[in-house]
Amino acid sequence: MSICTRYRLRATLTSMRVHRQRPCRDTVNVYAGVRPVRWEEAPVRAALIGCGNMSRTWLRAALAIEGLTIVGLADLDRAAAIRLAGEFGLDDVAIAGGIDELLALARPDILFDVVVPAARHAVVRRALAAGCHVLSEKPLADTLEHAVDLVAAAADAGRVHAVMQNRRYVAGIRRLRRLIDAGALGDIDEVHCDFFKAPHFGGFREQMDHVLLLDMAIHSFDAARLLAGSDPANVMCREGNPRKSWYRAGASAAAVFSLPEGGVITYRGSWCANGLQTEWDSAWRIIGTRGSATWDGADRFAAEIVDGLPPGGELFAPLRAVPVPTLEPSDRIGGHAGVLRDFIDALRSGGEPETSSRRNFASLAMVLAAIESAEQQRPCELPRLPIELAQGHDA
């Protein structure tokens, strides 16, 4: 079965009806029922499931959070969990082979979910039902039905479920967002993103369908949503696999997303672009009604705004360079550490993280609609959350 078929909606992408085990609260804000975690009363207990290579990055970030205690590790390969515990000096944690055993032994307040996408729905549902708040590795889910169900399950349980979208928490993206928030560029009409790398991963990635869109583009799509300040309505996407590609399929892609206000988000990318590669955080150009800004993904920023009307007989309006704001102490940066701080701050305050599953649904929708468009070679509408779950949504 193709990815396109698995993700196909029952009617249209804009009027999805998904079966859920329990009806969601009909409320203006599905996070209104989330109760703050009382950090001052006792150490907050966290457990991690999925002890592969990525789990080390998660643990390094989590162990830096004051008042957070790691009480359990789980993996289908118990030896992997034991090795990870030894590597980080976690001598007294519970070791488990699955989610039910982990919940019973560790009794965590928080679950860090680093399992493969196919296992995510079952793991997160069990954790939410047990009263845990959950932070999941991206993507939110492996199917649209599962994604909607997890948003509903978190709302019904009165628990926070968020997604590890670490690349929206890099310093460059946050500085561009500060420039936009300051009004320097006016209203944002265009967000353009280029991503060109040539990594030889080996292993499963080189055999994947839609490898660029599924494995990497979601990072750029999520950051583009943040910079645009709104979610796309539809997309036209073309995939390719360049000559001498060491990937089986889908190593390059180009996509144009239409924004509701008439603007666009564009994405150009390749996993086998030898020479002149971009940084991992992509290269960006933001165009607004008053001016433009660029960031090369490393340390080079530029911004110019229109400085008056064109003089008589001149073709172009005069421009004036403006500085891109520096970071403020309140900015959460550091990739995984930034996401984790946002998640923890939400638990402390009873608020909603920037990458909550409700908000992050639109980033997954961009990926799946782009795949749909590439397979069918036509524009595709992006799926939307049911209205009772989407209330109060922002990028």
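Higher on the page you've got the structure.
Before going into details, it helps to say that this report is about the structure given with it. (Residues numbered from 1 in each chain as written. Predicted model: local features only at pLDDT ≥ 70, side-chain atom pairs only at ≥ 80, totals over all residues. Heavy atoms only, no water.)

Time to look at empty space enclosed by the protein. Counted by the stated rule, this structure contains 3 cavities of 30 Å³ or more. Its volume calculated, the largest cavity comes out at about 60 Å³. Ranked by residues supplied to the lining of the largest cavity, first place goes to helix α8 (residues 211–228) with 4 residues. Residues of the lining of the largest cavity, tallied by class, amount to 6 nonpolar, 3 polar and 2 charged. (1 Å grid on protein atoms, 1.4 Å probe; cavity = no way out; pocket = protein on both sides within 12 Å on 5 of 7 lines; lining within 4 Å. Points joined across faces, edges and corners; volume = space filled by probe spheres on them. Helix = DSSP H or I, 4+ residues; strand = E, 2+ residues; numbered from the N terminus. Nonpolar A, V, L, I, M, F, W, Y, C, P; charged D, E, K, R; others polar.)

Strand-to-strand pairing in sheets goes through backbone hydrogen bonds, with the strands running parallel or antiparallel. Taken in spatial order, the 6 strands line up as β3-β2-β1-β4-β5-β6 in an open sheet, and their pairing is parallel. In this open sheet, the two edge strands, each paired with only one partner strand, are β3 (94–96) and β6 (161–164). Ignoring strand direction, the axes of neighbouring strands in this sheet form an average angle of 25°. In terms of strand pairing, strand β1 (residues 44–49) meets strand β2 (residues 68–74) through 6 bridges, oriented parallel. Within the sheet, the bridge partner assigned to Ala47 lies in β2 and is Gly72. Helix α9 (residues 336–349) rests against β4 (110–113), β5 (133–137) and β6 of the sheet, and its axis sits at about 160° to β5. (Pairing = 2+ DSSP bridges. Axes fitted to C-alpha atoms, helices over the stretch in contact; angles between N-to-C directions. Contact = heavy atoms within 4.5 Å.)

This part takes up the layout of surface pockets. Here the largest pocket defines a volume of roughly 1300 Å³. The wall of the largest pocket is formed by 45 residues, among which Val115, Val116, Pro117, Glu137 and Lys138 lie closest to the centre. Of all the secondary-structure elements, those providing two or more residues to the lining of the largest pocket are α1 (3–6), α2 (54–62), α5 (117–129), α8 and α10 (357–376). Within the lining of the largest pocket, the residues separate by chemical class into 27 nonpolar, 9 polar and 9 charged.

Moving on to the nonpolar core. Counting 67 residues, the largest nonpolar core has Val191, Phe221, Phe257 and Trp284 as the members making the most contacts within it. No other element matches the 12 residues that α8 contributes to this core. Among residues more than four places away in sequence, those in contact with Phe221 are Leu213, Phe257, Tyr267, Met366, Val367 and Ala370. In this structure, Val44, Leu68, Leu340 and Ile344 belong to the second largest nonpolar core, which totals 32 residues. (Core = buried A, V, L, I, M, F, W, Y, C linked by side-chain atoms within 4.5 Å. Buried < 20%, exposed > 50% of the residue type's maximum accessible area, 1.4 Å probe, protein only.)

For the rest of this paragraph, the subject is the pattern of salt bridges. For the structure on display, the rule yields 19 salt bridges. A salt bridge links Asp181 to Arg177, with the nearest nitrogen and oxygen atoms 2.7 Å apart. Taken together, the residues span about one helical turn, with Asp181 and Arg177 both in helix α7 (residues 171–181) at a distance of 4 residues. What makes Arg177 buried here is its relative accessible area of 18%. A salt bridge links Glu352 to Arg358; the nearest nitrogen and oxygen atoms lie 2.5 Å apart. Through salt bridges with shared partners, one network takes in Arg168, Arg174, Asp222, Arg225, Asp231 and Glu354. (Salt bridge = Lys/Arg side-chain N within 4 Å of Asp/Glu carboxyl O.)

Our next topic: the packing of aromatic side chains. Inspection of the entire model under this criterion finds 9 aromatic pairs. Arranged with centres 5.2 Å apart and planes meeting at 90°, the rings of Phe201 and Trp271 form a pair that is edge-to-face. One end of the pair, Phe201, is in the loop between β7 (188–196) and α8; the other, Trp271, is in the loop between β10 (264–270) and β11 (283–288), with 70 residues separating them in the sequence. Under the relative-accessibility criterion, Trp271 is labelled buried at 1%. Clustering of aromatic rings is evident, with ring pairs tying together Phe195, Phe201, Trp271 and Trp280. Above the plane of the ring of Tyr169 lies Arg174, whose end atom (NZ or CZ) is 4.8 Å from the centre. (Phe/Tyr/Trp six-rings, centres within 6.5 Å; stacked < 30°, edge-to-face > 60°. Lys NZ or Arg CZ within 6 Å of the ring centre and 35° of its normal.)

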